[in-house]
Amino acid sequence: MKALRSTILGPVVATLLAMVIGGILVSAMGYNPFVVYGSLVSGAFGNAISVGNTITASIPLILCGLGIAIAFQSGLFNIGADGQYWVSAAASVWVGYHFTGLPGWLHIIFCLVVGMLVGAIWGGIIPGLTKAYVGSSEVITTMMLSYIGILLARYLIEGGPMQQKGFNPESPQIAQNTQLPYFNQTLMQSQLSLVAVAITILAAVAAWFLLYKTTMGYQLRAVGFNQRAARYAGMRVTLFTIIALCLSGLFAGLAGAVQMLGVDHQLLDGFSSNYGYTAIVVALLARNNPFGVLLAGLFFGALTTGGQNMQIVSNVPAALTDVLQGLIIFFVACERIIPQIIQWYRRRRSLHSSVAAS
Amino acid sequence: MNIFADPQIWASTLSMAVPLALPAIGGTFSERTGVVNVAMEGIMLMGAFFGVAFAYWTGSAWIGLLMALVIGGLTSAAFAWGAIRVSADQVVLGMAINIFAGGITAFLLDTVFGFNGTPVSTPKLPNVSIPGIDKIPYIGEIFTNQSILVYVMILIVILSHWFLFHTRLGLRMRSVGENPLAADTVGINVWRLRYSGVIIGGLLSALGGAYLSIGVLNSFSVNMTNGRGYIALAAMIFGKWTPFGAFGAALLFGFSTALGIVLQGHGVSSNLLQMIPYGLTILALTGLVGRSTPPAADGLPYEPKR
Amino acid sequence: MENFLEVIDLKKWFPGVKANDGVNLTLKRGEVHAILGENGAGKSTLMKMIYGLLEPTSGEIRLAGQAVHFRSPREAIHAGIGMVHQHFMLIPALTVAENVVLGDEPGGVNYNRREAVKRVRELSEKYGLDIDPTAKISQLSVGLQQRVEILKAFYRKARLIILDEPTALLTPQETRELFNIVRSLKAEGTPVLFISHKLDEVKEISDRVTVMRAGKTVDTVSTSGATPQDLANMMVGREVVLRVEKKDAELGAPVLQLNDVKVRDKSKNLRVKGITLELRRGEILGLAGIDGNGQFELADAIAGLLKPEGGQIVFDGADITHLSPAQRTERGIAYVPQDRHADGLVLEFDLVENTILRDFRKRPYSKSGVIRRGASEDYTKRLIQEFDVRPPHPSRKASELSGGNQQKVILAREVSRGPMMLIAAQPTRGLDVGAIEGIHRQLIRLRDEGKGVLLVSLEMDEILSLSDRIAVIHDGQIVDVVPGDTATREQIGLLMTGTRANAEVSST
Amino acid sequence: AGCGTNSTGGSTSAGNAAGSASGSTSSLKVGLVTDTGGLNDNSFNHLAYVGLQKAEQQLGVKGSVVQSQSESDYVPNLSKYAQQGYGLVIAVGYLMHDAVEQVAKEYPKTDFLIIDDSITDRPNVSSAIFKSEEAGYLAGAMAGLLQTGHSLKGLNSQNVVGVIGGQDIPPVDSYIAGFQQGFKKEDPTGKVLLQYTNSFTDQALGSQYAQNQMSQGADIIFPVAGGCGIGAINAVKSAGKYAIGVDTDQAYLAPQNVITSAMKGVDTSVFDTVKSVQSNTFHSGVTNFDLKGNGVGLGKVLSGVPQSVIDKVNALKQEIESGKIQVSANVQ
Ligand SMILES: Nc1ncnc2c1ncn2[C@@H]1O[C@H](COP(=O)(O)OP(=O)(O)OP(=O)(O)O)[C@@H](O)[C@H]1O
Ligand SMILES: Nc1ncnc2c1ncn2[C@@H]1O[C@H](COP(=O)(O)OP(=O)(O)OP(=O)(O)O)[C@@H](O)[C@H]1O
Ligand SMILES: [Mg+2]
Ligand SMILES: [Mg+2]
């Protein structure tokens, strides 16, 4: 109980601290901080629609975050989830419109599987092989492939084979029966899809099970912690390096596929999601624990949707969301300072009282 | 094709290497003392914005540059505080700085300068040619009319190498990044050196950012670093945490970007051509560079339980 | 003689551990004062407080009559304290010279590399600790690294020198040289605090002994007045069996045959240059040698961690030269590696995960790719009890255990796997007498059960007391194989330098 | 709030922040959703906002802006305004095509305006299409005339001009296509270098592209790349060459170097639509903004440009308006 309280207390106090500083900044710029924050919170949780939007926004973050967490647990830093996401998105969209006549559920599974495979290949093959055999830093290879992947996806719809006939650089829409049904359109008018939510929760459980309950996860973590001991234990370090990066890409790919089937329905120019980068923070704040990723992803989803509402309601420039987000992450990361501050405060107070007493 | 005969491609290479090499060397300092630094992107943005802002307000690009360094230094000091004093996760902190910097610079641009951006009357740093060298046929053209920061960068590369590998302080810095406890037991102040490493990193990153805004240009636009801080991170690793290595990687990257530009206009999709720098980097990394091992204590907080 | 150092009722409490809980100690000028105690008794903690690496919870440290409160080693160094650390405080990426001079480098702004090399060379010559100042630490054997650690302390000309288990990795010759240095320090009036688990060393070098148990100082006695047995009993708080009792070996069929095996290490140096050797069931074969002569590379090669450059490894009648480590494990090879932190354990894993490290693929620890936590945990609990691992919590991370207990976990895991052969490399390094006793008993039990044990050790005494046969390795080759019961220190010591004493012994 | 925008000369000092609730209770609320380029794109998002600000000041409507952070934000953002009772919701950019279709169907009572795209099958959606190719044509023609006549100080003997596109997308390409046709018309042997930066923000990259084109002999450069193009104009300025602005009148960026600007009236379209909703004359369907209606056109012309050139360009303008010249929006 006490442990639980202290794990929750840190982030809460950190968030408050960030909001105070953000509030001062906002006030200095002439806005009313209470209106600003009110709109942030109500935009994230104010009504059923907001909640739906928050959950929807968190799904790609969670899925990418799971992949990044698996890589981290295996001692690897996948910084290129963005590219894996977009390449897989492109692939699943292609499967989604190119094949027709399949039953809906089968077609959906087909799209998801292709998305995951492409993500796994993009994230795992080149970075994995070069890491395992040449020792190239996966930080560089995944990052470079991420840029390449985004350029590739862009090429596909800008004059490439996936461009819809016509003028605009966008792909055709995926078949109607592959579009994940929205959750109760009248009650909750958001793009929330229960199927996507189920996939996400399932993915988190799967990641947790894989990491902590299977021999594969055991080996991944062993390789991540101590390669020499892993080799001593008879594990194939190179193989598991490749597997870890593939798995990481697989989850990012799943994110791309789910987002396309559930929300976007087509490949649109822009490619500005940055999920891959935000998901790094999601994974790390969750200490690479899959269930933590679920929570951290929701938190960031809330910040995103709340931030959009904040602009609408209080006219604050969009950039302020990023300012707040940066501050919150900073202080949450520094939450360890809080007990120290409390201690310091107590000590000072007791000093004061002892001085007063004497 | 005689694209290589045109000195422009080399001049481009050099000038595009600056905003990569400077933060990459900055990151080298930080990581050599054991602090993983992914905050280059954000600190560059801070440097870029405040460089322009102060250049405009004071009418002097030099004061702008100075303030870019001051703000960059302060930002990295905040990062250093979190990373060193609080032992927070360094990657998370770095990302936090990046997100914050992207936000605050855009926010200030909007609220202070409005949507037309920074005023055109903002001064910029001078371009210079080196007398003597500019007379040499081919080479001269490369070194003619380059931003003064191009030459500053070359100086910094050399100085950094000397500092890290030939001075007592450099030796101590490296020892702190390799094994802080060992350094501590011989009486070295681990925290102070780590702070210095991170702040030097911040200064160099801010310099790289200022190069973008008041070196080549005289204006700021939202997210104008465009991921260069991350590429610099790659350049730092690529260069195996040495100044010359980082510089080389930055040159490679600048060159392949320039190549991508030159090759355009021959019917190939620009999207495909722009893959060149990234593809080339992977090839060079796997073909030539291979394993790059970071300083042993890179990313590990040091907190002696006293 | 006046007291140079006084420690008065010193306490250091870590969360959940009272590492020091009332320590009293006096150190006179020109005295060599040994500290004895079991693993985890708190010796290193005490030294770290004196050196400013840890701040006491309470109590007082006085130096030359003045109370001191060091907040960092910087201050302790300033006050003239030098320390050789039990766990190396070296920077593998730097050179010997750089490591030694670090913190007090010659030169102005520039680091004067040449001067540093010169000074270190002079220093190593003066103390007879032969070492190449320009070599990188990462290329040195652990024994050589220990010398660097000692050089570091001497470089700073301290007024008080703390030696925390400096001899754990030294050869007998090196130990002798170190003792010469200690004696000359003593003659200069420099007091020395000396920690060792080797009672004969303590007897040889120290003037007084302080014994610690469970964070408290039990007693301080004059060395000359105490026998090793007395000291051991004081440490452990019970009677300890110092001599190993064992029956005669009942030799069985060969379990391991090495035919002209050649091995290169990771930096591609040929370290094992053609070894032919046989290990039989029911025997302990000791592999003696000075560190760096290829014995550990050979062990790695048998376990499959290094690929042999040439030759053949036959295990239980089958050629296993090209099998993977996992396959060898499967066939019944157990291995206690030399470096327990780097190879033997995943420190971030808990004890359960560490005990199944080698067999996690098998039932009952896993089933169709799924780890069975319950069964694994039961097994771990059993081992913890059987091998007296402390603290007895299966969910503790391995990193939270003391070195001795970590070693017990590794040994428990390897021995209990029911192997046909055990390679034990330095199995008792850094352990206290009580723990050593337990581990030696396990090795003998294994042998008595008809398994083959290859004991690779730098401890002459360990080799002599346990081995049925002793193979001596020098420069990657076996100099000779001699019977264990008749071998003497002198004989083995000579062989270790590569000199064959007489032809008769080798013919047996 | 800092009132530093120089977009409008109006003296009404309504701080753009936290709209003061001084208007009538039933005042029209207008929501603007930008695409992921954001308000600082130096292009259509920015222009749409300028139009909205003008409407706020002159028509007394209450405006609100939200900048989308990813493609997935379009639907939620558009819906949010509709839910909150905004009378008009403006979607900036063709990328929001499908999002507008979907949301407009769900909120039939709300009026929508989409910029740079045409949606014809919804009674509550108005579309604004800009014939930026026509403006590009005139700009190209002017460049061609200047090149052939060498009629500006410092023009070299090669007839090379450069075009820098931000990305290979319709709103960019229509300008470029027009530019190419206009240039070829007046300078059939001249050469147009065309490159894409794939960025609308990276000024330094824009500057490099410009330098590269200048090293290939280009001395008039037409950047169609938002903020990235500003870098190009900057490079042109320091090299003493010439540029043509885009979207807005960019002469202020380099008064000695910007020959003219090819502009499109996104601000006008926004303002007009707000006005129509306010006066209940909103109509669905496509509104074409072209030369004829001054929906697109050229900006201020550099003083050094000979009158003959200006006359010729004006003649071309007449021909386009009369339909004698048809300008295609497809890049060659
Ligand atoms: N930093 C620490 N945090 C928590 N517990 C610690 C710490 N350092 C030491 N301990 C604990 O304090 C006790 C004493 O450890 P110490 O290292 O002083 O033993 P030692 O006598 O030197 O043992 P050894 O002979 O194995 O070197 C042990 O139980 C150890 O686990
Ligand atoms: N002879 C030596 N003695 C001690 N350390 C050495 C020696 N040679 C190399 N080193 C170590 O290797 C590091 C790099 O050495 P290297 O000679 O490559 O340095 P450098 O900076 O390239 O010098 P130079 O200016 O001579 O080219 C040094 O900082 C030092 O740590
Ligand atoms: Mg050299
Ligand atoms: Mg100890």
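Residues numbered from 1 in each chain as written. Chains lettered and ligands numbered in written order. Predicted model: local features only at pLDDT ≥ 70, side-chain atom pairs only at ≥ 80, totals over all residues. Heavy atoms only, no water.

A. Main features of the overall build of chain B. For chain B, the helix and strand inventory stands at 13 helices and 2 strands. Projected onto its principal axes, the C-alpha positions of chain B cover 65 × 50 × 40 Å. Burial analysis of chain B (306 residues in total) assigns 67% to the buried set. A fraction of 77% describes how many contacts in chain B between residues 6 or more apart in sequence connect residues 24 or more apart. Here chain B has roughly 9,400 Å² of accessible surface; of this, 69% comes from carbon and sulfur atoms. One finds the centroid of the 14 positive side-chain charges in chain B at a distance of 11 Å from the centroid of its 11 negative side-chain charges. (Helix = DSSP H or I, 4+ residues; strand = E, 2+ residues; numbered from the N terminus. Buried < 20%, exposed > 50% of the residue type's maximum accessible area, 1.4 Å probe, protein only. Contact = heavy atoms within 4.5 Å. Areas by Shrake-Rupley, 256 points an atom, 1.4 Å probe, with all protein chains shown as cover. Lys, Arg positive; Asp, Glu negative; His and termini not counted. Charge placed at Lys NZ, Arg CZ, Asp CG, Glu CD.)

B. Spatial organisation of the interface of chain B and chain D. Contacts between chain B and chain D engage 33 residues on the former and 34 residues on the latter. Taken over both partners, the interface formed by chain B and chain D buries close to 2,900 Å², and the fraction arising from carbon and sulfur atoms is 45%. Taken as a group, F115(B), N116(B) and I261(B) account for 25% of the area that chain B buries against chain D, more than any other trio of residues on that side. Summed over the shared surface of chain B and chain D, the number is 1 salt bridge. Two residues, D202(D) and R228(B), come together in a salt bridge whose shortest N-O distance is 3.0 Å. Joining chain B to chain D, the criterion identifies 17 residue pairs in polar contact (both at pLDDT 80 or more). Secondary structure elements with two or more residues in the side of chain B that touches chain D: α1 (7-32), α4 (90-113), α9 (190-216), α11 (243-263) and α12 (270-273) of chain B. Residues that form the side of chain B that touches chain D fall into these classes: 13 nonpolar, 17 polar and 3 charged. (Buried area = accessible area lost by both parts, 1.4 Å probe. Salt bridge = Lys/Arg side-chain N within 4 Å of Asp/Glu carboxyl O. Polar contact = N/O pair within 3.5 Å; in protein donor to acceptor, adjacent residues only side chain to side chain. Nonpolar A, V, L, I, M, F, W, Y, C, P; charged D, E, K, R; others polar.)

C. Just the site of ligand 2, in detail. Near ligand 2 the following residues occur: H161(B), F165(B), H166(B), R174(B), T95(C), E98(C), R113(C), V117(C) and T134(C). With respect to ligand 2, its neighbouring residues span chains B and C. Contacts to ligand 2 include H166(B), whose side-chain N or O atom sits 2.8 Å from an oxygen atom. Interatomic distance of 3.5 Å between a side-chain N/O atom of T95(C) and a nitrogen atom of ligand 2. Here ligand 2, which alone exposes 610 Å², has 55% of that area covered by the protein. Elements that contribute at least two residues to the shell around ligand 2 include exactly α6 (148-166) of chain B together with α4 (113-127) of chain C. By residue number, the principal contributor to the shell around ligand 2 is α6(B), which donates 3 residues. Taken together, the residues of the shell around ligand 2 sort by class into 2 nonpolar, 4 polar and 3 charged. (Near = heavy atom within 4 Å.)

D. Molecular detail of unusual backbone geometry. With omega at 0°, the peptide bond leading from R363(C) into P364(C) counts as cis. Cis geometry marks the peptide bond from R390(C) to P391(C), where omega comes out at -5°. Counting through the fold element by element, P391(C) comes out in the loop between α13 (373-386) and α14 (403-415). With phi around 60°, W241(B) is a residue other than glycine that occupies positive phi space. W241(B) sits in the buried class, given a relative accessible area of 4%. Of note, D9(C) is a non-glycine position whose phi angle comes to about 45°, a positive value. Residue placement: D9(C) occurs in strand β1 (residues 3-14).

E. View of the site of ligand 1. Ligand 1 sits among 15 residues. The nearest are N39(C), G40(C), S44(C), T45(C) and Q86(C). Ligand 1 sits at a junction of chains, with neighbouring residues supplied by chains B and C. For ligand 1, the protein covers 75% of the area, taking 630 Å² as the surface of the free molecule. Put simply, the parts of the chain that give the shell around ligand 1 at least two residues each are β2 (17-28) and α1 (43-50) of chain C. With 3 residues, the top contributor of residues to the shell around ligand 1 is α1(C). Class assignment of the residues belonging to the shell around ligand 1 gives a composition of 4 nonpolar, 7 polar and 4 charged.

F. Broad picture of the coordination of the magnesium ion (ligand 4). For the magnesium ion (ligand 4), the protein coordination sphere consists of S44(C) (OG) and Q86(C) (OE1), at 1.9 to 2.0 Å. Taken together, the residues span a long stretch of sequence, with S44(C) in helix α1 and Q86(C) in the loop between β6 (81-84) and α3 (96-101) at a distance of 42 residues. (Donors = N, O, S within 2.8 Å, 3.2 Å for Na, K, Ca; no water.)

G. Representation of the UniProt feature "transmembrane region" (unreviewed entry) in chain B within the structure. Here, the residues flagged by UniProt with the feature "transmembrane region" (unreviewed entry) are residues 38-57, 63-84, 91-109, 148-165, 198-221, 241-263 and 275-293 of chain B. Each end of residues 148-165 of chain B is marked by a C-alpha atom, and these two atoms are 26 Å apart; helix forms 100% of the span and strand 0%. (UniProt positions renumbered as here; feature names shortened; annotations may be inferred.)

H. Molecular detail of the interface of chain B and chain A. Taken together, the contact between chain B and chain A spans 47 residues of the former and 45 residues of the latter. Summed over the shared surface of chain B and chain A, the result is 0 salt bridges. On inspection of chain B and its partner chain A, the count reaches 1 residue pair in polar contact (both at pLDDT 80 or more). Looking at which element gives the most residues to the side of chain B that touches chain A, the answer is α4(B), with 15 residues.

I. Representation of the sheet that holds strand β20 (residues 452-457) of chain C within the structure. Residues and elements named next belong to chain C. Taking strand neighbours across the sheet as the criterion, the 6 strands line up as β16-β19-β20-β13-β21-β22 in an open arrangement whose pairing is mixed. A strand with exactly one partner marks an edge of an open sheet, and here the two such strands are β16 (333-336) and β22 (477-483). Here the average twist between neighbouring strands, direction ignored, is 15°. With 5 bridges connecting them, strand β13 (residues 284-288) and β20 associate as parallel partners. (Pairing = 2+ DSSP bridges. Axes fitted to C-alpha atoms, helices over the stretch in contact; angles between N-to-C directions.)

J. Fine view of the arrangement of the chains. Contact analysis covers 5 pairs of chains in contact, and the most contacts occur between chains A and B. Over all C-alpha pairs, chain C and chain D never come within contact, reaching a minimum spacing of 38 Å.

K. Geometry of a negative patch on the surface. Residue and element names in this part refer to chain C. Together, E122, E125, D130 and D132 make up a negatively charged patch on the protein surface. Along the chain, D130 turns up in the loop between α4 and α5 (142-155). Residue D130 is classed as exposed on the basis of its relative accessible area, which comes to 61%. (Patch = residues over 30% accessible without salt bridge, like charges linked within 9 Å, V, L, I, M, F, W, Y side chains within 5 Å.)

L. Geometry of the pairing of β2(C). Residues and elements named next belong to chain C. Here β1 runs beside β2; their pairing, made up of 9 bridges, is antiparallel. By the bridge assignment, N3 is partnered in β2 with K28. Two successive antiparallel strands, β1 and β2, enclose a turn made up of 2 residues, where G16 displays a positive phi of approximately 85°.

M. Summary view of the environment of S190(A). Residues and elements named next belong to chain A. Note on placement: S190 falls in the loop between α6 (138-157) and α7 (194-213). Overall, the relative accessible area of 4% leaves S190 in the buried class. Residues S190 and T178, spaced 12 residues apart in sequence, show a C-alpha to C-alpha distance of 18 Å.

N. Inspection of the nonpolar core at higher detail. Grouped together as the largest cluster of nonpolar side chains are 346 residues, with contacts concentrated most on L267(A), I280(A) and I423(C). By size, the runner-up hydrophobic cluster in this structure holds 93 residues, among which are Y107(D), M142(D), I169(D) and Y242(D). (Core = buried A, V, L, I, M, F, W, Y, C linked by side-chain atoms within 4.5 Å.)

O. Up close: the packing of α1(B) against α9(B). Residue and element names in this part refer to chain B. α9 packs onto α1 with a crossing angle of 170° between their chain directions and a minimal axis gap of 6 Å. With respect to α9, the axis of α1 lies roughly antiparallel. Taken together, the residues of α9 that come into contact with α1 (itself represented by S15, V18, P19, L22, P23, I25, G26, F29 and S30) are G197, V198, I200, G201, L204, S205, L207, G208, Y211 and L212. Here the residues of the contact of α1 with α9 are counted per class, giving 12 nonpolar, 7 polar and no charged. (Parallel < 35°, antiparallel > 145°, perpendicular 65-115°, else oblique.)

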